[in-house]
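Observations on the model geometry
These are the residues of each chain, in order.
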Amino acid sequence: MTTPPTTTSTDPTDPAHPTDPTASAGPSPDPGRTGATRPREETDTSTIDGILARAAELDARDPLAALRDRFVPGDAEFVAYLDGNSLGRPLLATRERLARFVDDVWAPRLIRGWDEGWMDSPTTLGDTLGRLTLGAAPGQTVVADSTTVMLYKLARAAVTARPGRTEIVIDSENFPTDRYVLEGIAAETGTRLVWIDPDPLAGVTAEQVAAVTGPDTALVVLSHVAFKSGYLADAPAITAIAHRHGALVLWDLCHSAGVVPVELDAWDVDLAVGCTYKYLNGGPGSPAFGYVAQRLQSELRQPIQGWMGHAEPFTMGPGYTPGEGMRRFISGTPPVVGMLAMRDMLELIEEAGLDAVRTKSLALTAYVLELAETLLTRHGVEVTGPREPERRGGHVMLSHPAFRELVPRLWERGVIPDFRPPQGMRVGLSPLSTSFTEVARALLVVAEMLGARR
Ligand SMILES: Cc1ncc(COP(=O)(O)O)c(C=O)c1O
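About the cut-offs
- Residues numbered from 1 in each chain as written.
- Predicted model: local features only at pLDDT ≥ 70, side-chain atom pairs only at ≥ 80, totals over all residues.
- UniProt positions renumbered as here; feature names shortened; annotations may be inferred.
- Buried ≥ 20, exposed ≤ 12 C-beta atoms within 10 Å, placed from the backbone.
- Helix = DSSP H or I, 4+ residues; strand = E, 2+ residues; numbered from the N terminus.
- Pairing = 2+ DSSP bridges.
- Near = placed C-beta within 6 Å.
- Nonpolar A, V, L, I, M, F, W, Y, C, P; charged D, E, K, R; others polar.
- Axes fitted to C-alpha atoms, helices over the stretch in contact; angles between N-to-C directions.
- Contact = placed C-beta atoms within 7 Å.
- Parallel < 35°, antiparallel > 145°, perpendicular 65-115°, else oblique.

- Taking an unreviewed UniProt entry as the reference, the chain is identified by name as Kynureninase belonging to Kineosporia succinea.
- The UniProt entry for the chain carries the following text under Cofactor (unreviewed entry): "pyridoxal 5'-phosphate".
- UniProt lists a comment for the chain under the heading Function (unreviewed entry), and it reads "Catalyzes the cleavage of L-kynurenine (L-Kyn) and L-3-hydroxykynurenine (L-3OHKyn) into anthranilic acid (AA) and 3-hydroxyanthranilic acid (3-OHAA), respectively."

**Some thoughts on the pairing of strand β8 (residues 288-292)**
- β8 sits mainly inside the fold: 5 of its 5 residues count as buried.
- Residues of β8 alternate between two faces, with A288, G290 and V292 on one and F289 and Y291 on the opposite face, all of them buried.
- Summarising the sheet, strand β2 (residues 141-144) and β8 pair through 4 bridges and their orientation is antiparallel. By the bridge assignment for β8, A144 is matched with A288.
- Note that strand β7 (residues 271-274) and β8 share 4 bridges and pair antiparallel. If you follow V273 over to β8, its bridge partner there is G290.

**Considering the site of the ligand**
- Surrounding the ligand, one finds 13 residues, the nearest of these being S146, T147, T148, F175 and C254.
- For the shell around the ligand, the elements supplying multiple residues, two or more each, are α5 (147-160) and α6 (176-189).
- Across the shell around the ligand, the residue classes tally to 5 nonpolar, 6 polar and 2 charged.

**With respect to the sheet that holds strand β6 (residues 248-252)**
- Taking strand neighbours across the sheet as the criterion, the 7 strands line up as β2-β8-β7-β6-β5-β3-β4 in an open arrangement whose pairing is mixed. Of all the strands in the sheet, the pair left with one neighbour each is β2 and β4 (192-196). Neighbouring strand axes in the sheet, compared pairwise and without regard to direction, differ in orientation by 20° on average.
- Helix α4 (residues 121-134) rests against β2, β7 and β8 of the sheet, and its axis sits at about 120° to β2.
- On top of the sheet, α6 reaches β3 (167-171), β4, β5 (217-223) and β6; it is set at about 165° to β3, its chief contact.

**Details of the sheet that holds strand β9 (residues 382-383)**
- Spatially, β9-β10-β13-β12 is the arrangement adopted by the 4 strands of the open sheet, whose pairing is antiparallel. Edge strands, defined here as strands with exactly one partner in the open sheet, are β9 and β12 (418-420).
- Judged from the 2 bridges that link them, β9 and strand β10 (residues 395-399) form a sheet pairing that is antiparallel. Counterpart to E382 in the pairing with β10 is S399.
- Helix-sheet contacts for helix α11 (residues 354-376) involve β9, β10 and β13 (424-428), and the interaxial angle to β10 is about 20°.
- Strands β12 and β13 of the sheet are contacted by helix α12 (residues 403-412), whose axis makes an angle of about 165° with β12.

**Considerations on the packing of helix α2 (residues 48-61) against helix α13 (residues 436-452)**
- In contact at an axis separation of 7 Å, α2 and α13 are set at 155° when each is read in the N-to-C sense. Considering their axes alone, α2 and α13 lie roughly antiparallel with respect to each other. Here I48, I51, L52, A55, A56, L58 and D59 of α2 come into contact with α13, specifically with F436, T437, V439, A440 and L444.

**Looking at unusual backbone geometry**
- Going from P421 to P422, the amide bond is cis rather than trans, its omega being 5°.
- Along the chain, P422 falls in the loop between β12 and β13.
- If you check the backbone angles, D145 has positive phi at about 60° while not being a glycine.
- Inspection of the secondary structure puts D145 in the loop between β2 and α5.

Structure, rendered in structure tokens:
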């Protein structure tokens, strides 16, 4: 076995280093040299070529690597897409599905399509999504609205279902929409928000929830994976604590659905919402999903009483009677076109298996932590999220005062993470579309840019 070729500079972050990490795909993996049995120590990761060789080894060993070819390739500038946790990449199958929908379904079937599956699509697609990604038995998941609107509907219904209880527990690091919507619900219902202030480098713990939950708590609203730090909350333990006090729990699953296995039924969760345009690759503005445990459905009355949630929408009668099961959580016409793309990603997740997706996700986040150590800490970058695998979601937050001005320049170089104030660069790793080489090339560019500032 030979060691990978080295370049003249030994500092891979040296801006004068002759190898441009974005110039090529790096050394192509030779299966004879880079197979799973090759010990890691043999790769010299103190050089750019060594780092890219190690990334190529990891790609060669990745059982899901071939599935990257199912995605529509990036543009000519593409180096690395590290924002699949914000908007997933389109699948080739989706390109075809969208065209086929126009030619084979919409154009020929026209309004008859409503009786041929569109009307039931919020619940049929919801069941598939629930089965593949949420651990939810059929009849508890619906696809509709935006996450913001679904969150409002389910949280408002939950607070109304706990009359006499005056408190809603939420955390100050939760996504803005969650905080704002719950502020509105508190004002509307005369309840009070009880704020948990989690460690911003981590997230809400079971102990913190236990400390503020009691007989006055109507609802606890938390994110399963924190949108900034990437902290994975202990959903089963927190749910159990809330239930001990008779409160309901609503989990925001935007950053977990499709990347972290979730077991809503087994964890006895009451309510959940989430986005489908992130790890479920539903495309820009694709509708949200909402989950309501079977045992609560008839008890809950959601506030946006539209005709589509009526027991008999087409009688068009004078008053509102909620429909059965999850249909009562629908308000208006199903966003049929917006539900197309996520079907392809759900199929791919089924093919890969969500546990395998999680295994790769953990390997990718571990690799970011490794490269942060090798390349970035010397430039003052900090990891501002959990390091333990059991507390890591699908993204890693890195912090540096220069990231605000650096991220737009990274985009110009074809490296696409996102910026989150005050100084965070969020490295999102959608396991089915992201390679280790992409991650290495991206962080080499970050290191090069930080080095050039000095
Ligand atoms: C954690 C979390 N919750 C809620 C939302 C809001 O979703 P929407 O804009 O689709 O209503 C987002 C959007 O990114 C999110 O990340």
